[in-house]
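# Close look at the chain arrangement
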Amino acid sequence: IYQPYAVDARRCISYQTIENKTEGIPDDLAADFGSWIFGCDICQDVCPWNKFKRATTEPRFAPRDGIVDTHLERWAELDLGAFAERFRRSPVKRAKLGGFLRNVEVAIRNAARSEGG
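Every chain is numbered on its own, with residues counted from 1 as its sequence reads. In keeping with the predicted nature of the model, local features appear solely for residues at pLDDT of at least 70, side-chain atom pairs appear and are counted solely at 80 or more, and the whole-chain, interface and lining totals rest on all residues. Side-chain numbers here rest on the full set of heavy atoms in the structure, without hydrogens or water.

When helices and strands are counted, the protein chain shows six helices and zero strands. N-terminal to C-terminal, the α/β element order of the protein chain is α-α-α-α-α-α. Within the protein chain, residue pairs in contact and separated by at least 24 positions form 56% of the contacts whose partners lie at least 6 positions apart. The accessible surface values rely on the Shrake-Rupley method and a 1.4 Å probe; as for residues, cover is taken only from the protein chains in view. When the accessible surface of the protein chain is totalled, it reaches about 8,900 Å², and 54% of it is carbon and sulfur. By the criteria applied, helices consist of DSSP H or I runs no shorter than four residues and strands consist of E runs no shorter than two, each listed in order from the N terminus. Any pair of residues with heavy atoms lying within 4.5 Å of one another is described as a contacting pair.

Structure below.
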């Protein structure tokens, strides 16, 4: 979001972590991605229409076990079989293993930067 009511989709974290099929994410963008590996939804958090939102009780929308508490270094070790099994029937497969690992490397670099390393 670069001004009210305007989004540059090329700078969108979701676009870069899901739809961008190139080997790299531009450094000027990647440095701001923090630990995001797939998708984002910040735009949903800041959208004025979502002031009426309510938490869902639908269990299918809850994160799968072992997803939010897995360390970045662990994600970096995934091979194709583990990736396919872990993300079976998940939109994460859209990034493919190569894109997912690229995103993990960005998150690892960002974590090291934020820790002063």
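A word on the packing of aromatic side chains. Here the aromatic set is Phe, Tyr and Trp, taking the six-membered ring for Trp, and pairing holds for ring centres within 6.5 Å; pairs whose planes are under 30 degrees apart are stacked, those over 60 apart are edge-to-face, and all others are tilted. A full pass over the atoms with the stated rule returns five aromatic pairs. For the ring pair F83 and F87, a centre distance of 5.3 Å and an interplane angle of 55° mean the geometry is tilted. Accessibility expressed as a relative area gives 4% for F87, which makes it buried. Seen in terms of ring centroids, F83 and F100 are 5.5 Å apart; in terms of plane orientation they differ by 50°. Their pairing is tilted. In this pair, F83 is assigned in helix α5 (residues 80-86) and F100 in helix α6 (residues 96-114), connecting sequence segments 17 residues apart. Only protein chains enter the accessibility calculation, which uses a 1.4 Å probe; a residue is then buried when its area is under 20% of its type maximum, exposed when over 50%, and partly exposed in between. Among the residues examined, F83 registers a relative accessible area of 4% and is labelled buried.

Our focus in this paragraph is a nonpolar patch on the surface. There is a patch of nonpolar side chains on the surface, built from I1, V7, W36, I42 and V46 and spanning about 480 Å² of accessible area. Relative to the assigned elements, I1 resides in the segment before α1 (13-19). Only residues whose relative accessible area exceeds 30% and that form no salt bridge enter a patch; like-charged residues are grouped when within 9 Å of one another, and nonpolar side chains (Val, Leu, Ile, Met, Phe, Trp, Tyr) when within 5 Å. Counted as salt bridges are all cases of a side-chain nitrogen of Lys or Arg within 4 Å of a carboxyl oxygen of Asp or Glu.

Each nonpolar core is a collection of buried residues, namely Ala, Val, Leu, Ile, Met, Phe, Trp, Tyr and Cys, held together in the definition by side-chain atoms within 4.5 Å. Formed by I37, L72, W75, L78, F83, F87, V92, L97, F100, V104 and A107, the largest nonpolar core amounts to 11 residues. For this core, the leading source of residues is α6, giving four residues. One finds I13, L29, A30 and F33 within the second-largest nonpolar core, a separate group that totals seven residues.

Phi is positive for Y5, which is not a glycine, with a value near 70°. Checked against the element boundaries, Y5 lands in the segment before α1. In this model, D41 sits at a positive phi of 75°, which is unusual for a non-glycine residue.

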